[in-house]
Amino acid sequence: SASWSEFRRLRTPVSEFSYTGHPTKRLDLRGGYIFYRYRGPATMDSGFAGLVRTGTNPEVFSPYSISYDARVHVSEPNHVIDEGFSLKLRDWWNLHFDYRFSHFGVDALADYRSADSPTNSQEGEEDTQWKYNTHDVSMNMEFIPSRQLIFRTGVRFWDRDVKGYVDGVIDDVHTRHSKSVWPTLSVYYQPLKKFSIRGDFQSNTTSRP
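Residues numbered from 1 in each chain as written. Predicted model: local features only at pLDDT ≥ 70, side-chain atom pairs only at ≥ 80, totals over all residues. Heavy atoms only, no water.

## Some thoughts on the nonpolar core
Core analysis: the biggest nonpolar cluster contains 6 residues, these being Ala42, Val72, Val74, Val106, Ala108 and Ala110. Every element with two or more residues in this core is listed here: strand E4 (61-90) and strand E5 (93-117). Counting residues per element, this core draws most heavily on E5, at 3 residues. Residues within four places of Val74 in sequence aside, it is in contact with Arg8, Leu10, Tyr38, Arg39, Gly40, Ala42, Val106, Asp107 and Ala108. (Core = buried A, V, L, I, M, F, W, Y, C linked by side-chain atoms within 4.5 Å. Buried < 20%, exposed > 50% of the residue type's maximum accessible area, 1.4 Å probe, protein only. Helix = DSSP H or I, 4+ residues; strand = E, 2+ residues; numbered from the N terminus. Contact = heavy atoms within 4.5 Å.)

## A few points about unusual backbone geometry
In this structure, Asp167 takes a positive phi of about 55° despite not being glycine. Inspection of the secondary structure assignment puts Asp167 in the loop between strand E7 (149-166) and strand E8 (169-170).

## Regarding the environment of Gly40
Inspection of the secondary structure puts Gly40 in strand E3 (residues 27-53). Once residues lying within four places of it in the same chain are set aside, the contact partners of Gly40 are Arg9, Leu10, Val72, His73 and Val74.

## Observations regarding the side chain of Thr175
Mapped onto the elements, Thr175 comes out in the loop between E8 and strand E9 (176-192). Accessibility expressed as a relative area gives 19% for Thr175, which makes it buried. Side-chain polar atoms of Thr175 contact the backbone oxygen of Asp171, separated by 2.6 Å. Filtering out sequence-adjacent residues up to four positions away, Thr175 remains in contact with Val162, Lys163, Gly164 and Ile170. (Polar contact = N/O pair within 3.5 Å; in protein donor to acceptor, adjacent residues only side chain to side chain.)

## Re the confidence of the model for the protein
With 97% of its residues at a pLDDT of at least 70, the protein reaches an overall mean of 91. Looking at the elements of the protein, mean pLDDT is at its lowest for strand E11 (residues 205-206), recorded as 64, and at its highest for strand E2 (residues 14-21), recorded as 96. (pLDDT = per-residue confidence, 0-100.)

## With respect to the pattern of salt bridges
Using the criterion set out here, one finds 8 salt bridges in the structure. For Asp98, the salt bridge goes to Arg30, with nearest N and O atoms at 3.0 Å. With Asp98 in strand E5 and Arg30 in strand E3, this pair connects stretches of sequence that are 68 residues apart. For Arg30, a relative accessible area of 24% translates into the label partly exposed. Salt-bridge contacts for Arg71 lead to Asp45; the nearest nitrogen and oxygen are separated by 3.2 Å. Here the residue Arg71 occupies a position in strand E4, and Asp45 occupies one in strand E3, the gap between them amounting to 26 residues. Relative accessible area serves as the criterion here: at 40%, Arg71 is assigned to the partly exposed category. (Salt bridge = Lys/Arg side-chain N within 4 Å of Asp/Glu carboxyl O.)

## Comments concerning the pairing of strand E10 (residues 195-202)
Sheet topology places E9 next to E10; 7 bridges connect them, and they run antiparallel. Among the inter-strand pairings, Leu192 is bridged to a residue of E10, identified as Phe195. (Pairing = 2+ DSSP bridges.)

## Focus on a negative patch on the surface
On the surface, a cluster of negative charge is contributed by Asp111, Glu125, Glu126 and Asp167. Structurally, Glu125 is set in strand E6 (residues 120-146). (Patch = residues over 30% accessible without salt bridge, like charges linked within 9 Å, V, L, I, M, F, W, Y side chains within 5 Å. Areas by Shrake-Rupley, 256 points an atom, 1.4 Å probe, with all protein chains shown as cover. Lys, Arg positive; Asp, Glu negative; His and termini not counted. Charge placed at Lys NZ, Arg CZ, Asp CG, Glu CD.)

## Some thoughts on a nonpolar patch on the surface
A contiguous nonpolar patch, built from Trp4, Phe48, Val52, Tyr64 and Ile66 and spanning about 460 Å² of accessible area, is present on the exposed surface. If you list the elements that add at least two residues to the nonpolar patch, you get E3 and E4. Looking at where Phe48 falls in the secondary structure, it is placed in strand E3. We classify Phe48 as partly exposed; its relative accessible area is 31%.

## With respect to the pairing of E2
In the sheet, E2 pairs with E3 via 8 bridges, with the strands oriented antiparallel. For Tyr19, the partnering residue across the bridge sits in E3 and is Gly31. With antiparallel pairing between neighbouring strands as the criterion, E2 and E3 make up a hairpin whose turn holds 5 residues.

Quick look at the structure:
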């Protein structure tokens, strides 16, 4: 038999700033910043009981019971920065560039207790941290042969660095650095005022899982 119960409640305010600008007739600027920090408690209580084979005799079984409970306080700060611009090269040709940086962190301090018998119990504390840094860059060329037809093609680059820490020591098992790059192509066509067609194609290649 087994029982498992978990609870988690995180709340946050959100702060956001954004801007747009037109320094010249051909250049548009845009950007923004978002910050939010989830905080709150998390708990887990579980118990397991049953029979386990003991010794070399396959017909000899003994009962066992295990209990585990944890009380955790979680904090998750998040920073997201966006920057981009659009440049009008010709009346039918535009360049779009966008960059996003996001930092996501998790800081969890846990008090736990486990027992597999009335006399054998363990208590402890663990400080777990996660840090995610992501860079997302995209560059697109937009071609407008007519008001009814728009082509957009470009490339997108994505870089993610994940680091895990346990009690201040880096966790190599959960630390990863991965990169991806892929081309993009999209088409917009509006043959009639009340009817339009849109299509999008992307092909992704990842350097590591």
